Amino acid sequence: MSRKFFFLFYLLAISIGCAEAQNGGSDPSLPDRNDYDIKRYNSENGLPQNSATGLLLDKNDFLWITTQNGLVRFDGRRFRIYDKSNTPAIRSNRFSVIGESSQGEVLLGSSFDPAGIYKVEPDYSVVTDTTRTRIPHKFLHINAKGFFDCTPLFNYYASAGKGIDTAFLKDLCSSETFVILSDNEIVVRDSGNEWYYLNNVSAEVSKLPVGFKGGGDHVFVLHGIFCIFSDSGGWFFFKHGRETALRVDKGLTDLMKKAHGLNLIIGPGGDQVIIRYRNDIYQLNLDNNLLSTERIFQDLKILDKIIATSFLYDKKNQRLFIATVTTGVIVVTKRLFRTLDFNASDPLDNAFKAFLLLPQKKILTASGILDRDKENNNHLFKEDMRPDGNCFYRAGDRSIWVSRDKRLHYYDIDFSRGIAVDSLLLDSYIGSIIEDSRHVIWISTLSSLLKIADGKLQYVFNRHPPFVTHNIESIAAVSPSQLWIASRDGVYTYDIAKDSIGEKPILPQVYARNIYRAKDNSIWVATYGNGFYKYQRGKFTALPADAQNYLSTAHTFLEDGSGFFWITTNHGLFRIRKKDLDDYTIGREDSLYYYYIDKSSGFNTNEFNGGCNPASQTDDEGNFYFPSLDGIVYFNPGRVHPEMPDKAIFVDHLFVDSVRLDYTKIHAIKPDFQQIIVDITTPFYGLEENLKLEYTLDSAGGKWYPVNKDGRITINRLPHGKYTLSVRKHNGSAGNRFARIAIAFEVRPHWYNTWVFYALLALVAGSLLFLLIRLRIKILRQQNLRLQMKVDERTSELEQSTIIKERLLSVIMHDMRSPLFSQALLIDHLHANLHKLGDQELNELFYLLKDSNNSICQFSTDFLAWYDSQKQGFSIKKENIALIDLIEETTDIYKDIAFRKGLYFNLDIPSGLMLVSDRNILAIVIRNLVDNAVKYTASGGIGISAFRKNGHIRIQVKDTGQGMTALKVKEIRAINEKDTNTTGQAFGYRFIMELVRKLNGEVDIESAPAGGTTVAVSFTA
């Protein structure tokens, strides 16, 4: 075996690049589609380059592919590409060798540095294997499970007298032709074409006694045994450097006679030897010291179109991986399902509904008779001889019953001869024929039920109204006394003893197609659009649909010997453990695993047919048969070993805002992160529908969400706290149902969400509360102090008010006592001299008495008005006042008094001059001003004027009386509401001053002794 051809050391580090395989389905452009499902992966759908040089399935079942432009890890759906553009450690993208240590480590090298060794870490990163890189003499092989270190041999033989020259040992350890048996054993060929066995534990170096030399010899290893054979037919076998005897199977010997046409390919790991002879692929097996061969793929025509560089066989799943020079990687999987059809030009000839198994492995269909094993014996019926395709029935006497032209026809056992035709003309074709436990045969059409009585077909009910609009699909005897009728509007019951049909369906508003009794006598109903149901304890339980909702159109059931239901649909075939379904209906199971099978397994179409009877068949060999829109699918369920997604889950990447983290550690994530991205992978080469990956976050309340098809989980902003991201995968097995992985992380709180902040906040809050309490106490004290001051003030004011009231009473009594005393004197004088006084004198006296009384009344009225103005709640009632009218009313009051004193009024008031004010109060003010002017003027005139000036209205009263001194004017101007020592004229001015203030006006006084007095009040206009 040429070391130059098979051996390369290479440098590799893993990138984070990932590409998804775009062509996940079968490649219709490739041959061999009847027996094999073929998928092709190249640079158009995920590979970095089309030259694949090596293949390796690692211990976790990932497929490794070496190419001329990078290393690839394939999980069955997506490619993860490792190259120097995304992995700094990689110095060359050209790979041709990938090996494995005895411990299952993936070891790598590159043409850039032949001495460099790299390994894949458990987290699927690639690091430099510094220990192996430093070893000067070593062997790594693509077709061997082991890494051989020559250093112990050099150390041992370096001592003199050990019998092996180090130069010779160096020559052996530089050989380009070798077979690694394990980490401790290797067989190498020297330059003289001699084979040597080397052991780095025992330090053995021994020549193997091979009886032939030169070309034409082939070497490989199986189960640690070194095997060598020549084109001439010679064999030698060695175990631990000693020749051993093995028997060679005749089939292998016969194959070896064709050696010149053979390609011997040693598969990855060394223990897999593949032989290609033309387009047949064989595998060498060693069992009980017998070396034999097994053909695993026959007439694989695709090999004519490719140049293969490496084969890798997955025996469990009967799958062959092929690395090619120019066409990428080809994946060939054996199909365990077969489809029978006619070689017909009309597609409708292969659209099957009801069918029946005939002797000699033949199958009756509406189109003709199929021969399962001999396609040339298929026979199509003539159009006018074809039976209706909705129902075929085999009676107890083995005769075959079919309908044609709305009549029941009887045929012999192999449908070669017609026996009879029933005379009854039916309302439609026959849809279902069954035999109950009492051997009564029941027949249904689209809307009627019939039975065989006395050898004749007769109606039980004809065109039953509910079935006229919603036709019958099938019937079933569920008990000796009851039939169930599946219709397009539900399942009805028919009581045989009472000859009555239920008025309403027991399973309403469903398009019921098939009623199936399982081996345990449980009853199952398949529907078109509503999934399927189990009937138990008088109740129907709906079973959940698959993730794609394909099971919504369930056609029929078959139960195999391993306890699985097989259910056909419009979108493929499903396999489900019946016990899981039973457990679900009683609440013991909450997650069902439906295994999905599509046409890549051997169907011509994914759309199976229902609405016919029978919609499935089994034969004596245990084969299952189902009709489809393109052929009849058959298989043996005991030989079908579904490929379950039972491998471990791996985390490829964990990113937080584009920063990669180690998912095995618990990370504290900053509180303002934007996004967490987790890339999940698991090796699975079956249909993606069967890979059920789900995740939940412990804050999700137990709800599981499906992982995206690209394997990526994206988590956006989260509140602070500790989290666990759990990922699970349904393994599809009864025992170990789930594979799980968990990633724990913590989102750090913002500074204002930390306990330190909370403690500080509590401290601040406590301090604020303390300060607030202190402040409150201080405020209360201040309020109490102000209240006390206010109380003291009010007390003082009350005391002052009492004093004022006492003084006011004194003043009032003083001011009223003089006029009252004058009145008393006048009255006494009048009483004593009434008859002595003349008329003129009496008039004068009465006038004085009247004048005194008016003064007292006026004083009382003005005082009461003033007193009211001192009360709280006193309000000014403003209105428009014509000043000329108001002043004239006032002068009219004093006209008589002024005339008797020889006084006159001089009014200077513009007509139309208006003032907005309180009329009553303003009248009191003007009246007091006029009263003072009349009272203190002996002769002359009193001028009253009003005018507008500088935005104010000014009312002025001017007399020519005795006037006042400057001191007196000052005292009057200084009058305030607390002054109590005012009498006479001053008290009148008190009224004026305070009432003017109430009207928001001002008072101005000008006076001089003997010069008269001018008093003016002004208000805002």
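Keep in mind it's a predicted model, so treat the numbers as computed, not measured.

Colleague: Give a detailed account of the overall build of the chain, specifying residues and quantitative values.
Modeller: What the chain contains, in helices and strands, is 14 helices and 73 strands. Split into buried and exposed, the 1021 residues of the chain put 52% on the buried side. Across the chain, the fraction of contacts at a sequence separation of at least 24, relative to all contacts at a separation of at least 6, is 55%. When the accessible surface of the chain is split by element, carbon and sulfur atoms take 50% of a total near 49,000 Å².

Colleague: Which residues make up the environment of Gln 675, and what values do they have?
Modeller: As for its placement among the helices and strands, Gln 675 is situated in strand β61 (residues 675–681). Excluding anything up to four places from it in sequence, Gln 675 contacts Phe 655, Val 656, Asp 657, Thr 714, Ile 715 and Asn 716. Polar side-chain contacts of Gln 675 include one of 3.3 Å to the side chain of Asn 716.

Colleague: Which residues make up the packing of aromatic side chains, and what are the values?
Modeller: Given two aromatic rings, their pairing is described by the distance between the two centres and the angle made by the two planes. In this structure the tally under the stated criterion is 59 aromatic pairs. Seen from their ring centres, Trp 64 and Tyr 124 are 5.9 Å apart, and the 20° between their planes marks the pair as stacked. Of this pair, Trp 64 sits in strand β4 (residues 63–67) while Tyr 124 sits in the loop between β9 (113–120) and β10 (126–128), and the two are 60 residues apart along the sequence. Tyr 124 matches Trp 64 in its accessibility class, with the two residues each being buried. Note on Tyr 695 and Tyr 705: the rings are 5.9 Å apart at their centroids and 35° apart in plane angle, and the pair reads as tilted. Within this pair, whereas Tyr 695 is found in strand β62 (residues 693–697), its partner Tyr 705 is found in strand β63 (residues 705–706), the two being separated by 10 residues in sequence. The partly exposed category is assigned to Tyr 705, whose relative accessible area is 32%. The ring of Phe 62 has Arg 73 sitting right over it, with the charged end atom 4.4 Å from the ring centre. The residue whose ring lies beneath Arg 132 is Phe 147, and the NZ or CZ to ring-centre distance is 5.1 Å.

Colleague: How would you sum up a nonpolar patch on the surface? Please name residues and give values.
Modeller: A cluster of nonpolar side chains, namely Leu 760, Leu 763, Val 764, Leu 768, Phe 770, Leu 771, Leu 772 and Leu 775, defines an oily patch on the protein surface of about 780 Å² accessible area. Summarising the element assignment, Leu 775 is placed in helix α8 (residues 755–833).

Colleague: Give a detailed account of the pattern of salt bridges, specifying residues and quantitative values.
Modeller: Under the defined criterion, the tally for this structure stands at 37 salt bridges. Asp 580 is the salt-bridge partner of Arg 577, the closest N and O atoms lying 3.8 Å from each other. For Asp 580, a relative accessible area of 19% puts it in the buried group. A salt bridge links Asp 582 to Lys 578; its shortest N-O distance comes to 2.7 Å. Of this pair, Asp 582 and Lys 578 both sit in helix α7 (residues 578–585), four residues apart, roughly one helical turn. As far as burial versus exposure is concerned, Asp 582 and Lys 578 are alike and both buried. A network of salt bridges, in which partner residues are shared, links Lys 361, Arg 372, Asp 373, Asp 619 and Glu 621.

Colleague: Could you give an account of the sheet that holds strand β51 (residues 554–559), naming the residues involved and the relevant values?
Modeller: In spatial order, the strands read β51-β52-β53-β54; together these four strands make up an open sheet with antiparallel pairing. Strands at the two margins of the open sheet, each flanked by one partner only, are β51 and β54 (595–597). Each strand axis lies, on average, 25° off the axis of its neighbour in the sheet, ignoring direction. Examined bridge by bridge, strand β52 (residues 564–569) and strand β53 (residues 572–577) share six bridges and lie antiparallel to one another. Across the sheet, residue Phe 564 finds its bridge partner in β53, namely Arg 577. Its contacts with the sheet place α7 against β51, β52 and β53, and it is angled at close to 70° to β53.

Definitions and cut-offs
Residues numbered from 1 in each chain as written. Predicted model: local features only at pLDDT ≥ 70, side-chain atom pairs only at ≥ 80, totals over all residues. Heavy atoms only, no water. Helix = DSSP H or I, 4+ residues; strand = E, 2+ residues; numbered from the N terminus. Buried < 20%, exposed > 50% of the residue type's maximum accessible area, 1.4 Å probe, protein only. Contact = heavy atoms within 4.5 Å. Areas by Shrake-Rupley, 256 points an atom, 1.4 Å probe, with all protein chains shown as cover. Polar contact = N/O pair within 3.5 Å; in protein donor to acceptor, adjacent residues only side chain to side chain. Phe/Tyr/Trp six-rings, centres within 6.5 Å; stacked < 30°, edge-to-face > 60°. Lys NZ or Arg CZ within 6 Å of the ring centre and 35° of its normal. Patch = residues over 30% accessible without salt bridge, like charges linked within 9 Å, V, L, I, M, F, W, Y side chains within 5 Å. Salt bridge = Lys/Arg side-chain N within 4 Å of Asp/Glu carboxyl O. Pairing = 2+ DSSP bridges. Axes fitted to C-alpha atoms, helices over the stretch in contact; angles between N-to-C directions.

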